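Listed below are the residues making up each chain.
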Amino acid sequence: MTHIRKATADDAGPLAGLAAVTFPMACPPSSSPEDIATHVANTLSERHFREHLADPDVTILVIDAHGALRGYSLLVNRPADDPDVVSALKFLPSIELSKCYVHPEHHGLGATAELMHASLLAAAEAGAAGVWLGVNSQNARAIRFYEKSGFRKVGSKSFRLGTTVEHDFVLERAVP
């Protein structure tokens, strides 16, 4: 049985493993394997997920398929601190959808749409008026999915991936 639930401390290790599989798919083709590996090690480790799970401002939802994690989203309920993001947002208070990834074996099955729906509901329950995210400007597949999910481009920001600076679109939508 597959269902979406809030992550627990026991999920930190499996989340790190899932992030190591899914994050590289969101990177532009020009990204070096070294930069990707450094980012995964520096921000998506089991220790980092433990910290996120202990943070009261962070909600992690997981797709649990018979005890195996097949997707996750990470919502951050804090004001944005990037000036490019702050100037672009229209729906306040806003929650950042920091991560929304599904294992490639679950692509095309509706799992990502279900995870997005659950994430938007969690943002609404937390009192947000809007949700925002950053997506690499070259990630056409993700951009199409986010637009289909009601997000619209409202700005841009920079994202450091190892030794390179990537360019992200800032997308936002109102919470239903």
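Hey, could you run me through helix 6 (residues 140–148) in this one?
An α-helical turn contains 3.6 residues, so any two residues separated by three or four positions project in the same direction. Those residues of helix 6 not exposed but buried are Ala142, Ile143, Phe145 and Tyr146. Around the axis of helix 6, the buried residues are gathered within 160° of arc, so they sit on the same side. Turned more than 90 degrees off the buried face of helix 6, the exposed positions are Arg141, Arg144 and Lys148. Structurally, helix 6 contributes buried residues whose contacts are with strand 4 (94–102), helix 5 (111–125), strand 5 (130–136) and strand 7 (164–174). Where helix 6 terminates, the next one or two residues include Gly150, which has phi positive at roughly 100°.

How should the sheet that holds strand 7 be read in this particular structure?
Through backbone hydrogen bonds, the strands of a sheet pair up, either in parallel or in antiparallel fashion. What the 7 strands build is an open sheet, ordered 1-2-3-4-5-7-6; its pairing is mixed. Strands at the two margins of the open sheet, each flanked by one partner only, are strand 1 (2–6) and strand 6 (152–161). Taking each pair of neighbouring strands and ignoring which way they run, the sheet shows an average axis angle of 25°. Sheet topology places strand 6 next to strand 7; 9 bridges connect them, and they run antiparallel. Counterpart to Phe159 in the pairing with strand 7 is Glu166. Helix 1 (residues 12–22) rests against strand 2 (58–65), strand 3 (68–76) and strand 4 of the sheet, and its axis sits at about 90° to strand 3. Its contacts with the sheet put helix 5 on strand 1, strand 2, strand 3, strand 4, strand 5 and strand 7, and the angle it makes with strand 4 is roughly 160°.

Looking at this model, I keep getting lost on the nonpolar core. Mind explaining?
As a rule of thumb, soluble globular proteins bury nonpolar side chains together. Residues Leu97, Met116, Val131, Leu133, Val135, Tyr146 and Phe151 are the most contacted members of the largest nonpolar core, which totals 25 residues. Every element with two or more residues in this core is listed here: strand 2, strand 4, helix 5, strand 5 and helix 6. For this core, the leading source of residues is helix 5, giving 7 residues. When residues no more than four places from it in sequence are discounted, the contact partners of Leu133 are Leu97, Tyr146, Phe151, Phe169, Val170 and Leu171.

Looking at this structure, I do not really get unusual backbone geometry. What am I missing?
If a residue is not glycine, its phi is most likely negative; likewise, a peptide bond is most likely trans. Between Leu92 and Pro93 the backbone carries a cis peptide bond, its omega angle lying at 0°. Mapped onto the fold, Pro93 is located in the loop between helix 4 (83–88) and strand 4. Phi angles above zero are rare outside glycine, and His66 is one such case at about 55°. Positionally, His66 belongs in the loop between strand 2 and strand 3.

I would appreciate a short explanation of the pattern of salt bridges in the present structure.
A pair can form between side chains of opposite charge whenever their charged atoms are brought close. Under the criterion given, the structure shown has 7 salt bridges. The shortest N-O distance in the salt bridge between Arg5 and Asp64 comes to 2.9 Å. Of the two residues, Arg5 sits in strand 1 while Asp64 sits in strand 2, which places them 59 residues apart along the sequence. Since its relative accessible area comes to 22%, Arg5 is described here as partly exposed. On the accessibility criterion, Asp64 (8% relative accessible area) is buried. Within the structure, one salt-bridge network assembled from shared partners comprises Arg5, Asp11 and Asp64.

How do you make sense of the confidence of the model for the protein when you look at a structure like this?
Atomic detail in the predicted coordinates should be set aside for any region of low pLDDT. Predicted confidence across the protein gives a mean pLDDT of 93, with 98% of residues reaching 70 or more. Ranking the elements of the protein by mean pLDDT puts helix 2 (residues 33–43) last with 90 and helix 3 (residues 46–54) first with 98.

Please clarify how the packing of helix 1 against helix 3 should be interpreted in this entry.
Packed helix pairs are characterised by how far apart their axes lie and by the angle those axes make with each other. With their axes 8 Å apart at the nearest point, helix 1 and helix 3 run at an angle of 120° to one another. In terms of orientation, helix 1 lies oblique with respect to helix 3. Along this stretch, helix 1 crosses helix 3, giving a crossing that reads as right-handed. Of the residues in helix 3, those in contact with Ala12, Gly13, Leu15, Ala16 and Ala19 of helix 1 are Glu46, Phe49, Arg50 and Leu53. Grouping the constituent residues of the contact of helix 1 with helix 3 by class yields 6 nonpolar, 1 polar and 2 charged.

What counts and what doesn't
- Residues numbered from 1 in each chain as written.
- Predicted model: local features only at pLDDT ≥ 70, side-chain atom pairs only at ≥ 80, totals over all residues.
- Heavy atoms only, no water.
- Buried < 20%, exposed > 50% of the residue type's maximum accessible area, 1.4 Å probe, protein only.
- Helix = DSSP H or I, 4+ residues; strand = E, 2+ residues; numbered from the N terminus.
- Arc of directions from axis to C-beta.
- Contact = heavy atoms within 4.5 Å.
- Pairing = 2+ DSSP bridges.
- Axes fitted to C-alpha atoms, helices over the stretch in contact; angles between N-to-C directions.
- Core = buried A, V, L, I, M, F, W, Y, C linked by side-chain atoms within 4.5 Å.
- Salt bridge = Lys/Arg side-chain N within 4 Å of Asp/Glu carboxyl O.
- pLDDT = per-residue confidence, 0-100.
- Parallel < 35°, antiparallel > 145°, perpendicular 65-115°, else oblique.
- Left-handed = near helix turned anticlockwise from the far one by under 90°.
- Nonpolar A, V, L, I, M, F, W, Y, C, P; charged D, E, K, R; others polar.

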